[in-house]
Amino acid sequence: MRSKVGWIAVAMVALVVYGILRYKTTGDASFFELNRTCVIMILLWLAWPELEALPRWMLYAVPICVGVCAWRPQYLFIVIPTTFVFLLLCPPAKRRKKTKR
C-alpha cells in the first residue's frame, strides 16, 4: 500500500511541475490546486510505517474529530486538551511484526 501512495505522490509532483511550467508559459493557474494534496500525499507516504502501528479505532476516530472540529471550531477547546491528556496516559503503540511471504 505504501508503494501505491508513493506512486500517487510522484504523479502529483509531476502534475505540479507541469502546472508551474504551464503557468510560466500561458498564465493558467489551474494545476496549483494540487499543491496541498501533493504535500499531504508525500507526508502520508513518509508516515506510513507509523500509521500501520496505530490501533484500528484511531483510524476512524481521527477523521471524525477533524470533521466535527471543522464544522464547529469551538470544539477545538475540548478536543485538543483531551487528546493531549490521552496521549500522555496512553502507552506507546506496539509495532507489528512483518511476516515473510
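Computed from a predicted structure; not experimentally measured.

Details of the overall build of the chain
So, point 1. When you go through the chain residue by residue, the secondary structure sums to four helices and zero strands.
So, point 2. Reading the helices (α) and strands (β) of the chain from amino to carboxyl end gives α-α-α-α.
So, point 3. The buried share of the chain, taken over its 101 residues, is 13%.
So, point 4. Of the contacts formed within the chain by residues at least 6 apart in sequence, a portion of 57% connects residues at least 24 apart.
So, point 5. Accessible surface, the chain as shown: approximately 8900 Å² in total, 71% of it carbon and sulfur.

Looking at the environment of A14
So, point 1. Summarising the element assignment, A14 is placed in helix α1 (residues 2-26).
So, point 2. Remark: the alpha-carbon pair of A14 and C38, spanning 24 residues in sequence, is separated by 9.8 Å.

Structural notes on the packing of aromatic side chains
So, point 1. Within this structure, the stated rule accounts for zero aromatic pairs.
So, point 2. Between R72 and the ring centre of W71, over which it is positioned, the NZ or CZ distance is 4.5 Å.

Some thoughts on the nonpolar core
So, point 1. Counting seven residues, the largest nonpolar core is built from V5, A9, M12, V16, C38, M41 and W48.
So, point 2. Residue contributions to this core peak at four residues, all from α1.

Re the packing of α1 against helix α2 (residues 34-52)
So, point 1. Two elements in contact, α1 and α2, have axes separated by 9 Å at closest approach and are oriented at 155°. Compared by their axis directions, α1 and α2 come out roughly antiparallel. In this structure, the crossing between α1 and α2 has a hand that is left-handed. Residues R2, V5, G6, I8, A9, M12, V13, L15 and V16 of α1 lie in contact with α2, whose contacting residues are L34, N35, T37, C38, M41, I42, L44, W45, L46, W48 and P49.
So, point 2. In terms of residue class, the contact of α1 with α2 is built from 16 nonpolar, three polar and one charged.

Points about a nonpolar patch on the surface
So, point 1. A cluster of nonpolar residues, V13, V17, L21, V39, I40, I42, L43, W45 and L46, forms a patch on the protein surface that exposes about 780 Å² of accessible area.
So, point 2. The set of elements that each furnish at least two residues to the nonpolar patch consists of α1 and α2.
So, point 3. If you tally residues by element for the nonpolar patch, the top one is α2, at six residues.
So, point 4. Considering the arrangement of structural elements, one finds V17 in helix α1.

A word on helix α4 (residues 76-89)
So, point 1. Between its first and last C-alpha, α4 extends 20 Å over 14 residues, near the 20 Å set by a 1.5 Å rise per residue.
So, point 2. The buried fraction of α4 is low, at zero of 14 residues.

Some thoughts on the confidence of the model for the chain
So, point 1. When the pLDDT values of the chain are averaged, the result is 78; 89% of them are 70 or greater.
So, point 2. Between the elements of the chain, mean pLDDT differs from a low of 79, seen in helix α3 (residues 56-71), to a high of 82, seen in α1.

The rules behind these values
- Residues numbered from 1 in each chain as written.
- Predicted model: local features only at pLDDT ≥ 70, side-chain atom pairs only at ≥ 80, totals over all residues.
- Heavy atoms only, no water.
- Helix = DSSP H or I, 4+ residues; strand = E, 2+ residues; numbered from the N terminus.
- Buried < 20%, exposed > 50% of the residue type's maximum accessible area, 1.4 Å probe, protein only.
- Contact = heavy atoms within 4.5 Å.
- Areas by Shrake-Rupley, 256 points an atom, 1.4 Å probe, with all protein chains shown as cover.
- Phe/Tyr/Trp six-rings, centres within 6.5 Å; stacked < 30°, edge-to-face > 60°.
- Lys NZ or Arg CZ within 6 Å of the ring centre and 35° of its normal.
- Core = buried A, V, L, I, M, F, W, Y, C linked by side-chain atoms within 4.5 Å.
- Axes fitted to C-alpha atoms, helices over the stretch in contact; angles between N-to-C directions.
- Parallel < 35°, antiparallel > 145°, perpendicular 65-115°, else oblique.
- Left-handed = near helix turned anticlockwise from the far one by under 90°.
- Nonpolar A, V, L, I, M, F, W, Y, C, P; charged D, E, K, R; others polar.
- Patch = residues over 30% accessible without salt bridge, like charges linked within 9 Å, V, L, I, M, F, W, Y side chains within 5 Å.
- Salt bridge = Lys/Arg side-chain N within 4 Å of Asp/Glu carboxyl O.
- Expected span 1.5 Å × (residues − 1).
- pLDDT = per-residue confidence, 0-100.

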